[in-house]
Structure formats: C-alpha cells, structure tokens
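Residue-level structure breakdown
Okay, here's what each chain looks like letter by letter:
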Amino acid sequence: MRLALCGLPSGGKSTLFAALSGRRGGMERGRGGSDTAILPVPDPRLDALSDLYKPKKTIYAQVTYLDPPAPAGGADDPATRLPQELKQVDGLVLVLRNFDAGLGAPTPAEDLRAFAEEMLLADLITVERRLERIAAERQRGRSTDGEEIALLEQARGLLEAEEPLRDTPELVGHVKMRGFGLLTSKPLMVVANNADDDPEPPELGPGVEPVVVRAAIEAELAELDDEERSEFMADLGLTDSALDRLIAASYRTLDLISFFTVGADEVRAWTIKRGTPAVQAAGVIHSDLERGYIRGEVMDHAELLSHGSEAALKKAGLVKVVGKDFVLSDGQVFHVLFNV
Ligand SMILES: Nc1nc2c(ncn2[C@@H]2O[C@H](COP(=O)(O)OP(=O)(O)OP(=O)(O)O)[C@@H](O)[C@H]2O)c(=O)[nH]1
Ligand SMILES: [Mg+2]
C-alpha cells in the first residue's frame, strides 16, 4: 500500500516525511523521484504470536509513504501544479499547516478547502482532456467506447458540482475509470501539523477529523535512540507516537485489515482490503496459493493465543475450514492448503 503526502507548500510534508523515515524502516531517495519510506506496521497481535511461535523471522506488514518533489511545471497551470506521483498511489495524506513559525497565522480549514479545489480542478482537466481526445477520434471516423464516454460525463458532472468522486464508489470502482488516477477518487486522510506546544485538533468543518501530528518534534524524536526517545516523550507528556497513529489511520482510511500466517520459520502479517475473499488473500502470500487453492484454515489470533497451540484449538473445534469465498476478518490467522 502506497500513500503520498500532499498539500499546499510549506505545510510540513518533508518534515513529517523525515519523522516517518528516520524512525524505522528504510528510506530510498529515487533519482528525481519521490522520497520513499517503507514502514513496518506496529502490531501487538503479531508480537504476541511471535512470542508463542518463536519463529526465525517475524515480519510486519508494510506501508509505503512518498514525499513527491514539487512539480517542475509552472504554478500557473492547474494541470501540472500537483505532482504527477499523486496519481499513482492508493491513498493521499493531506498535510495542513497548523503552526506559525514565521510563515503567518495558520489557516488549516481554508487550506483544506483550497487543496480540495485543486484536486477537483486537476481531475476535471484530466476528464475533459480525455473527452476531447475521444471526440477527436470520432471526428476521424474511429469507433469510440460509449460506456467510457458516459462514465466520463458522469464524472465531469460531479466534478463541476465540486463533488469528489470517492463519494460515488460505483463510478470510481469501474474498471474503465481506474487507469486515470483521478485524485478525488482516492481515499484521503487529513493530517494537522500542529505547533510544538499545541495538542488540539483544529476545527476543519463537519465530518473532518484530522490526525494531529507535531512533525517538527516527531522529526527530532526520530533521531533519538529508543531509550532517549522514551524519556523525551515522557518529558513532553506524549504517550503514543503520532506516527503510530498515522499508520493506524492510514489503515482505516484505506479500509485495510491484516491477517497472519504462523509457523516455526516465520510469523507474518499481511495486508488486504476489507472484504477480500480467501482465495485472493492467499494470492497476496503467493500466486501459487491462489492458483492452486484447495481450502483454508482460519483461526482467531486471540483464541490461538489463549489456547496456546493450533492442536488445542482444533480439539476445541475452533479452527474453521473455509472455501474460496470466505471473507477474512481483521486479526485472523490463515493457513492455505493448495496444490499446483
Ligand atoms: N514549528 C514548526 N515548524 C515546522 C513544522 N513542520 C515544518 N515546519 C517548518 O515549516 C517549513 C516548511 O516545512 P517543510 O517540511 O519543508 O514543508 P513542505 O510541505 O515539505 O514544503 P514544500 O515541499 O516546499 O511544499 C520548514 O521551515 C519547517 O522547518 C512543525 O511541526 N512545527
Ligand atoms: Mg517538501
């Protein structure tokens, strides 16, 4: 899963990125591309399973965050004002400046509206350009796809009415719309980047609940070793890391869940979209498991922990045998029986 940081200039995207990438996991700086941080998803359930199995390896699920470079194009052209990289991710993290630091009094609610408008405009341009190309094709006597035109016109109508496309799932989920990378179709998570001494979420309007971070402090925390960090956090009265909350919120925003595979070699968390059928979940582990899927065995991680072993769980009748269409829930342990 990949999310990109976005927002108006100087919101603190790169500072937040430094906090994210410094903390743990790897950071890659692509040539001319986005700064990329691949972060393990902290998960106490996985830790507990790992204590039980004592495997050679414990592997956390991962989330990738990108900090795209500012676009090279002119600020006057709304078609190129936003980084192209935003089109290629699964979700967007909108970072709002809620600190002054010599940049002027913060106006996060206004910035949110302004950036939302930018995204609507960028999508409208994408949709109109595609419609123009189709019209030109038709002029030249080529055949065109009526269904695609109808979908694009529906999208144009919504965008002109300033409605983000994500609110119309049957439209954005349509296979003919996916390739456009329309920004307002992507899950959007709002982050308030607060001043160092301010823990309160800003008022952003009805239904908008930001994740509050203090990126400057978090970036400093990221540079400390574990012990120093605990002390510093205690001094600041911080109980949990904003970054852990950010990752958890990314999961919620993208409607993701984790399932686990367990064994003596490896205890591992995997990420799927909520509602994914078992056979596709198996495919996340390996394509052979999807192709050759026979059946699955599903256990609840808490029951496995309380019974102490799979054998005990089986005896208690708590291992479910499931077919291809079974829908996994968050926190289930999954074994796949397959044959290729
Ligand atoms: N006090 C304070 N200053 C911050 C915070 N986050 C960022 N800044 C400062 O705000 C300025 C802009 O931060 P950046 O992280 O570069 O913002 P950005 O969104 O990456 O900016 P662009 O990439 O230019 O769009 C820098 O001078 C940061 O040091 C914060 O949480 N608190
Ligand atoms: Mg930056």
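Residues numbered from 1 in each chain as written. Chains lettered and ligands numbered in written order. Predicted model: local features only at pLDDT ≥ 70, side-chain atom pairs only at ≥ 80, totals over all residues. Heavy atoms only, no water.

1. Comments concerning the overall build of the chain
- The secondary structure content of the chain amounts to twelve helices and 13 strands.
- Along the first, second and third principal axes, the C-alpha set of the chain runs to 65 × 60 × 40 Å.
- Of all 340 residues assigned to the chain, the portion counted as buried reaches 44%.
- Treating the 38 positive side-chain charges of the chain as one cloud and the 56 negative ones as another, the clouds have centres 8 Å apart. (Helix = DSSP H or I, 4+ residues; strand = E, 2+ residues; numbered from the N terminus. Buried < 20%, exposed > 50% of the residue type's maximum accessible area, 1.4 Å probe, protein only. Lys, Arg positive; Asp, Glu negative; His and termini not counted. Charge placed at Lys NZ, Arg CZ, Asp CG, Glu CD.)

2. Some details on the packing of helix 6 (residues 215-222) against helix 7 (residues 226-236)
- Contact pair helix 6 / helix 7: the axes reach a minimum separation of 9 Å and the direction vectors enclose 155°. With respect to helix 7, the axis of helix 6 lies roughly antiparallel. Helix-helix and strand crossings are classified by hand; for helix 6 and helix 7 the assignment is right-handed. Within the contact between the two elements, helix 6 uses Ile-217, Glu-220, Leu-221 and Ala-222 and helix 7 uses Arg-229, Phe-232, Met-233 and Leu-236. (Axes fitted to C-alpha atoms, helices over the stretch in contact; angles between N-to-C directions. Parallel < 35°, antiparallel > 145°, perpendicular 65-115°, else oblique. Left-handed = near helix turned anticlockwise from the far one by under 90°. Contact = heavy atoms within 4.5 Å.)

3. Notes on the nonpolar core
- Counting residues in each nonpolar core, the largest one holds 40 residues, and the members touching the most others are Leu-16, Tyr-65, Val-93, Val-191 and Leu-246.
- The element that contributes the greatest number of residues to this core is helix 8 (residues 242-253), accounting for six residues.
- Dropping the residues within four chain positions of it, Leu-246 is found in contact with Leu-16, Leu-20, Tyr-65, Met-189, Val-191, Val-211 and Val-213.
- Ranked by size, the runner-up nonpolar core spans 17 residues in total, among them Ile-134, Ala-155, Val-172 and Leu-182. (Core = buried A, V, L, I, M, F, W, Y, C linked by side-chain atoms within 4.5 Å.)

4. Section: the site of ligand 1
- The immediate surroundings of ligand 1 are formed by 15 residues, with Gly-12, Lys-13, Ser-14, Thr-15 and Asn-193 found nearest.
- Ser-14 is positioned with one of its backbone polar atoms (N or O) 2.8 Å from an oxygen atom of ligand 1.
- Separating an oxygen atom of ligand 1 from a backbone N or O atom of Ala-216 is a distance of 3.1 Å.
- Of all the secondary structure elements, the ones that give two or more residues to the shell around ligand 1 are helix 1 (13-23), strand 7 (188-194) and helix 6.
- When the residues that make up the shell around ligand 1 are grouped by side-chain class, the tally is six nonpolar, seven polar and two charged. (Near = heavy atom within 4 Å. Polar contact = N/O pair within 3.5 Å; in protein donor to acceptor, adjacent residues only side chain to side chain. Nonpolar A, V, L, I, M, F, W, Y, C, P; charged D, E, K, R; others polar.)

5. A closer look at the packing of aromatic side chains
- Tallying each qualifying case throughout the model produces one aromatic pair.
- Summarising the aromatic geometry, the rings of Phe-259 and Phe-334 are spaced 5.6 Å apart at their centres and angled 80° between planes, so their arrangement reads as edge-to-face. Here Phe-334 lies in strand 13 (residues 332-338) and Phe-259 lies in strand 9 (residues 256-261), a separation of 75 residues in the sequence.
- Note on Phe-334: relative accessible area 1%, which makes it buried.
- Over the aromatic face of Phe-99 sits the side chain of Arg-97, whose NZ or CZ is 6.0 Å from the ring centroid.
- The ring of Trp-270 has Arg-268 sitting right over it, with the charged end atom 4.0 Å from the ring centre. (Phe/Tyr/Trp six-rings, centres within 6.5 Å; stacked < 30°, edge-to-face > 60°. Lys NZ or Arg CZ within 6 Å of the ring centre and 35° of its normal.)

6. Some details on the pairing of strand 6 (residues 91-98)
- Buried residues dominate strand 6, accounting for eight of its eight residues.
- Side chains Gly-91, Val-93, Val-95 and Arg-97 of strand 6 all project onto a buried face; the interleaved residues Leu-92, Leu-94, Leu-96 and Asn-98 project onto the opposite face, where all are buried too.
- Note: strand 1 (residues 2-6) against strand 6, four bridges, orientation parallel. Bridging from a neighbouring strand, Leu-3 pairs with Gly-91 of strand 6. (Pairing = 2+ DSSP bridges.)

7. Topic: unusual backbone geometry
- The phi dihedral of Glu-162 falls on the positive side, at around 60°, and the residue is not glycine.
- Residue position: Glu-162 is located in the loop between helix 4 (146-160) and helix 5 (169-172).
- If you check the backbone angles, Asp-255 has positive phi at about 55° while not being a glycine.
- Along the chain, Asp-255 falls in the loop between helix 8 and strand 9.
- In this structure Asp-255 comes out as partly exposed when scored by relative accessible area, which is 34%.

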